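Listed here are the chains, written in short residue letters.
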Amino acid sequence: TWRVGAIRALQPLAQRVHRPAGFVLADHWPRAVADFEARLMDGRATVRLSEEGFRILRAVQPAAAEAAQRSARPDPSRAGWVETELPIEAEPYAARQLLRLGTEVEVLA
């Protein structure tokens, strides 16, 4: 899988490429994205997330939301919030990743 926007130049070849038998892009894509995000986000942040924070996370980073859901436990100090481990990218990008959640996240570690 290659991001089309990253292609700088190309040269058509004479030979044709054939899609593997049984390949369905709609089935492949979610697995490919989850695999990519799992490899990309190898750091962890301990956070508190509100219900709305989880909704936003599911919309912008579904694989991260699934991983966070697995370790989520209710936060007794804030109704409707959970404490969880959130997969993050390298530190230079983690702040931007977390800022997407606005006031619906509290970073603990």
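Provided above is the structure to which this section pertains.
One structure accompanies this document, and this report is about it. (Residues numbered from 1 in each chain as written. Predicted model: local features only at pLDDT ≥ 70, side-chain atom pairs only at ≥ 80, totals over all residues. Heavy atoms only, no water.)

What follows deals with the environment of His-28. Inspection of the secondary structure assignment puts His-28 in helix α1 (residues 25–40). Ignoring anything within four residues of it in the chain, the contact list for His-28 reads Thr-1 and Phe-23. (Helix = DSSP H or I, 4+ residues; strand = E, 2+ residues; numbered from the N terminus. Contact = heavy atoms within 4.5 Å.)

Every buried residue of helix α2 (residues 51–60) is listed here: Gly-53, Phe-54, Ile-56 and Leu-57. Down the axis of α2, the sector holding all buried residues measures 160°, keeping them to one side. Away from its buried face, by an angle of more than 90 degrees, α2 presents the exposed residues Glu-51 and Ala-59. At its buried positions, α2 is contacted by β1 (43–50), α3 (62–71) and β3 (81–88). Capping the start of α2, Ser-50 holds a side-chain oxygen 3.3 Å from the backbone nitrogen of Glu-52, two or three residues further along. (Buried < 20%, exposed > 50% of the residue type's maximum accessible area, 1.4 Å probe, protein only. Arc of directions from axis to C-beta. Polar contact = N/O pair within 3.5 Å; in protein donor to acceptor, adjacent residues only side chain to side chain.)

Right, let's get into the packing of aromatic side chains. What the rule picks out here adds up to zero aromatic pairs. Lying over the aromatic face of Trp-81, Arg-78 brings its terminal NZ or CZ to 3.8 Å of the ring centre. (Phe/Tyr/Trp six-rings, centres within 6.5 Å; stacked < 30°, edge-to-face > 60°. Lys NZ or Arg CZ within 6 Å of the ring centre and 35° of its normal.)

Taken across its eight residues, β3 has six buried, putting it largely inside the fold. Across eight bridges, the pairing between β1 and β3 is antiparallel. Directly across from Ala-45, in β3, lies its bridge partner Leu-86. Relative to β3, strand β2 (residues 73–74) is paired through two bridges, and the arrangement is antiparallel. The partner of Arg-73 across the bridge, within β3, is Glu-83. Between the end of β2 and the start of β3, which pair antiparallel, lie six residues, with Gly-80 showing a positive phi angle near 85°. (Pairing = 2+ DSSP bridges.)

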